[in-house]
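# Observations on chain architecture
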Amino acid sequence: MASNVGKVFEYMKLIGKLKRVRRTGWVLRGVTDPESVSDHMYRVAMTAVLAPPPLNADKCVKMALVHDMAECIVGDLTPHDNVSKEEKHRREEEATRHMCSLVGEPVGSQLYSLWEEYERQETEEARFVKDLDRLDMVLQAYEYEQLEGRPGFLQEFFDSTEGKFQTQIAQEWQRHLDSVRRASPVENSGQLEAGRFSTASSHGETTPSMDASSTPVVATAAANGEETSDQSDHTDAVEKKRTMTPSVLAVPENAGEGLMANGEAGGEVESGPAGESQVVASGLRKDSV
């Protein structure tokens, strides 16, 4: 029993590192106080709750929670790392298997199956979660443009997702975001339309900066955003972010009806790919924002 408890705590500590892993894309573009991988995954998961039938919303939420899980070990590999897709996948698979081994069965197999399903992108749930992964990225880019008063400076992220949304609902949300962005190049007007919900910025709560001794990193740490910095350095930026007007996306009338529609939670699990991440335990990195 003691050994099992030890493994569970190792799992919890690894997951906790995602709170301190900054998303590489934002770091490389000089964004003030860039979000963590944990910030990103939380909003993706909370949006996955809105999966419309016949999608299994319960599975989508779980898949969103595991899709970047390996980044606490592998880190956020970007194209700048010159790591092939095959090698990136190998590293992430190895890290995911290790983490799943810490929680025992049947949960470990279920978590791994969800990650693998996302990687393969062969099911509607996997494609929907991948769309949410991309949507969160461009929504975050828009929020950073607003928060920093630099309209258009993250245009490359919007360009990178052009024509890649696969599901109808994500395409509708993406079009709405584009229209909001065009209508408010400097500041969000804050006018919420009927039938829409506000998605608050993941920066409402600041994540603590990593101390140099909190996790082993390699020479690529700075590029990954794992630089040591006092949280007070970001006070002005944080206060500015707390006053931002929430972004808005349309919610379909039947959104969320898929929750638990297909039986008990965890009853149907398969697997899939990872999107982006950041630096951490092993000092490696992964496909990023």
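Residues numbered from 1 in each chain as written. Predicted model: local features only at pLDDT ≥ 70, side-chain atom pairs only at ≥ 80, totals over all residues. Heavy atoms only, no water.

The next point concerns the overall build of the chain. Helix and strand content of the chain: 11 helices and 2 strands. Residue burial in the chain is summarised as follows: out of 289 residues, 52% are buried. Counted over contacts in the chain with a minimum sequence separation of 6, partners at least 24 positions apart contribute 80%. In the form shown here, the chain has an accessible surface area of approximately 13,200 Å², with 52% of it arising from carbon and sulfur atoms. (Helix = DSSP H or I, 4+ residues; strand = E, 2+ residues; numbered from the N terminus. Buried < 20%, exposed > 50% of the residue type's maximum accessible area, 1.4 Å probe, protein only. Contact = heavy atoms within 4.5 Å. Areas by Shrake-Rupley, 256 points an atom, 1.4 Å probe, with all protein chains shown as cover.)

Below, the discussion takes up the packing of aromatic side chains. Per the stated rule, a full pass over the model turns up 3 aromatic pairs. With a centroid separation of 4.6 Å and 45° between ring planes, the pair formed by Trp 26 and Phe 157 is classed as tilted. Remark: Phe 157 occurs in helix H8 (residues 155-161) and Trp 26 occurs in helix H2 (residues 24-28); sequence separation between them is 131 residues. For the residue pair Trp 26 and Phe 157, the accessibility class agrees, reading buried in each case. Site record: aromatic cluster; members linked through ring pairs are Trp 26, Tyr 144 and Phe 157. Sitting above the plane of the Phe 153 ring, Arg 150 keeps its charged end 3.7 Å from the centroid. A cation over a ring is seen here: Arg 181 above Phe 158, with NZ or CZ 3.7 Å from the ring centre. (Phe/Tyr/Trp six-rings, centres within 6.5 Å; stacked < 30°, edge-to-face > 60°. Lys NZ or Arg CZ within 6 Å of the ring centre and 35° of its normal.)

A few words on helix H6 (residues 107-120). Look at H6: 20 Å from first C-alpha to last across 14 residues, which is about the 20 Å you get at 1.5 Å a residue. Within H6, burial applies to Gly 108, Leu 111, Tyr 112, Ser 113, Leu 114, Trp 115, Glu 117, Tyr 118 and Glu 119. Gln 121 lies just past H6 and shows a positive phi near 55°. (Expected span 1.5 Å × (residues − 1).)

This part is about the nonpolar core. One finds Trp 26, Phe 128, Val 129, Val 138 and Leu 154 to be the most contacted residues of the largest nonpolar core, which totals 56 residues. For this core, the secondary-structure elements that each account for two or more residues are helix H3 (37-48), helix H4 (57-66), helix H5 (85-101), H6, helix H7 (124-147), H8 and helix H9 (168-183). The greatest single-element share of this core, amounting to 12 residues, is contributed by H7. Discounting residues that sit within four places of it in the chain, Val 129 has contacts with Val 44, Cys 60, Met 63, Ala 64 and Tyr 118. (Core = buried A, V, L, I, M, F, W, Y, C linked by side-chain atoms within 4.5 Å.)

Another point: the environment of Gly 6. Note on placement: Gly 6 falls in helix H1 (residues 2-17). Under the relative-accessibility criterion, Gly 6 is labelled partly exposed at 39%.

All right, on to a nonpolar patch on the surface then. On the surface, a cluster of nonpolar side chains totalling about 360 Å² of accessible area is made up of Val 5, Val 8, Phe 9 and Met 12. Position of Met 12 among the secondary structure elements: in helix H1. A relative accessible area of 48% means that Met 12 is categorised as partly exposed. (Patch = residues over 30% accessible without salt bridge, like charges linked within 9 Å, V, L, I, M, F, W, Y side chains within 5 Å. Salt bridge = Lys/Arg side-chain N within 4 Å of Asp/Glu carboxyl O.)

In the predicted model, the chain carries a mean pLDDT of 74, and the fraction of residues at 70 or more is 63%. No element of the chain has a lower mean pLDDT than strand E1 (residues 196-199), which averages 32, and none a higher one than H4, which averages 98. Counting contacts from residues 188-248, a segment whose pLDDT is below 50, to residues more than four positions away or on other chains yields 126 contacts. Scored below 50 in pLDDT, residues 258-288 makes 183 contacts in the model with residues more than four places away or belonging to other chains. (pLDDT = per-residue confidence, 0-100.)

Our next topic: the pattern of salt bridges. Here the structure, examined in full by the defined rule, presents 17 salt bridges. We note a salt bridge from Glu 35 to Arg 23, for which the minimum N-O separation is 3.2 Å. A residue pair is termed long-range when its members are at least 10 positions apart, and Glu 35 in the loop between H2 and H3 and Arg 23 in the loop between H1 and H2 qualify at 12 residues. Each member of the pair, Glu 35 as well as Arg 23, carries the same accessibility label: buried. Note that Arg 90 is salt-bridged to Glu 94, the shortest N-O span being 3.0 Å. Linking Arg 90 with Glu 94, this pair stays in helix H5, spanning 4 residues, or about one helical turn.

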